Amino acid sequence: MSDKRRYVIIGTGAIGGTIAGRLAQHGVSVVAVARGAHADAIESEGLLLRTPDGDHRVHPEVWRSPEDARLTADDVLVLAVKSQQAQEALSAWAYLPVAGTDGTAGERLPVLTCLNGVATEDFALRYFRRVYAVCVWAPCVHVEPGVVEAYLAEVSGIFHMGRYPVGLADVDDRVFLGSVQRDWAEAQLGVLLPQDVMAWKYSKLLSNLGNAFNALAGRGEGLDELVERARDEGRAVLEAAGVPVTSEEVEAEARAAGPRFGEIPGASHVGSSSWQSLARGRGDIETDYLNGEIVAIAHRLGMDAPLNSRICVLAQEAARSGRAPGSYTVGELAQALGLTRA
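Okay, so let's go over this structure.

What counts, and at which threshold
Residues numbered from 1 in each chain as written. Predicted model: local features only at pLDDT ≥ 70, side-chain atom pairs only at ≥ 80, totals over all residues. Heavy atoms only, no water. Pairing = 2+ DSSP bridges. Helix = DSSP H or I, 4+ residues; strand = E, 2+ residues; numbered from the N terminus. Axes fitted to C-alpha atoms, helices over the stretch in contact; angles between N-to-C directions. Buried < 20%, exposed > 50% of the residue type's maximum accessible area, 1.4 Å probe, protein only. Expected span 1.5 Å × (residues − 1). Polar contact = N/O pair within 3.5 Å; in protein donor to acceptor, adjacent residues only side chain to side chain. Contact = heavy atoms within 4.5 Å.

**What to know about the sheet that holds strand 13 (residues 158-164)**
Strand order in this open sheet of eight strands is 5-2-1-7-9-10-13-14, and the pairing throughout is mixed. What marks the edges here is a single partner per strand, and that holds for strand 5 (61-63) and strand 14 (190-192). Strand-to-strand twist of the sheet, defined as the mean angle between neighbouring strand axes without regard to direction, takes the value 25 degrees. In this structure, strand 1 (residues 6-10) lies alongside strand 7 (residues 75-79), joined through five bridges in parallel fashion. Along strand 7, the bridge assignment pairs isoleucine 9 with valine 78.

Right under this line is the structure:
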């Protein structure tokens, strides 16, 4: 690990908290960017990372906003907010000065986009010269201030990383990503460096089309059938658009070879990231950048994606009205999606 490198985790929620917690636990320099009660808890009691191998309380430095930042040329920015918050965060951090240089963060520092969806990478190019896309496999939960639960055993996440766009990748990128891979491996975070990281991100996008269904109806019997219909629609749209997607067979092999789920005493894996958004009741949800991405691609082609479009409407209504997660039965959700008659 570089003695100077520091990872600045922008958004220390479920994913960001898992990364920050593991890095801090293993002595890697890290800053946790958090706000409100979560920041209060980390500052006063530390960040509690709960994992199958035990609980780990760490005490990273906390910044509450970009105004607190004191960036150096050795910093790596890790964007781990929700997709709907990404553009605001990118613009807030990109223009900060970097000590010891005559440039800004966008000009001088790399940014890793550790979040769902495929829109953020293009957002990031407006602000950052060096953008590294990250496909995240890390089942984790953050609903309580100061606490993150990470459910994979042995390593707490698998992160496929690559330069965005891939055609810009050069020797310097391979050296940089190799060093990140080594740093994170020491901290029980697995990093893989595929040739085309976006093919992995589009595959993950198809998987994430089920997040809104889980948020609205939990895990009721018959829900998988609704989710699969949305994914079939998504696959058809991506195929029509000629978007490369990692095959289901390759992804299944990778998951089979990867870390297993573990148990955390006294905890339960409550639901998807969208479920957690409704549980926190902050009024927004990432569905427009998951199911909504399929809708956007379809519209560019002059197509429709009615099922994914309708689940966006229902999820946004639930978030804005403060509905609790799981407030629909599967039957009610199917009816609201127009899949059954009243």
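So, next bit.
**A short note on the pairing of strand 7**
When you tally the buried positions in strand 7, you get five out of five residues, the bulk of the element. Direction of pairing for strand 7 relative to strand 9 (residues 110-114): parallel, over a ladder of three bridges. The residue bridging leucine 79 from the neighbouring strand is threonine 113, located in strand 9.

**Remarks on helix 7 (residues 197-208)**
Relative to the 16 Å expected for twelve residues at 1.5 Å per residue, helix 7 spans 16 Å between its end C-alpha atoms, a close match to the ideal helical length. Looking at helix 7, one finds that the buried residues are Val197, Met198, Ala199, Trp200, Lys201, Tyr202, Ser203, Lys204, Leu205, Leu206 and Asn208. N-cap assignment for helix 7: the residue whose side-chain oxygen lies 3.1 Å from the backbone N of methionine 198 is aspartate 196.

**Re helix 9 (residues 223-241)**
With 19 residues, helix 9 ought to run about 27 Å at 1.5 Å a step, and its terminal C-alpha atoms sit 27 Å apart, in line with that. Where helix 9 is buried, its residues meet helix 7, helix 8 (211-217), helix 12 (291-300), helix 13 (306-321) and helix 14 (330-336). Phi turns positive one or two residues past the end of helix 9, at glycine 242, with a value near 70 degrees.

**Here we look at the environment of isoleucine 19**
Within the secondary structure, isoleucine 19 sits in helix 1 (residues 14-25). As for isoleucine 19 and glycine 157, which are separated by 138 residues in sequence, their C-alpha atoms are 8.4 Å apart. Once residues lying within four places of it in the same chain are set aside, the contact partners of isoleucine 19 are Ile9, Val78, Cys114, Phe159, Trp184 and Leu189.

**Examining the sheet that holds strand 11 (residues 140-141)**
Across a sheet, strands are paired by hydrogen bonds formed along the backbone, either parallel or antiparallel in direction. The strand order across the open sheet formed by four strands is 4-3-12-11, and the pairing between neighbours is mixed. Whereas interior strands pair on both sides, the edge strands pair on one side only; in this sheet they are strand 4 (54-58) and strand 11. Pairing analysis gives two bridges linking strand 11 to strand 12 (residues 147-150), with the strands arranged antiparallel. The residue of strand 12 that forms the bridge with cysteine 140 is alanine 150.

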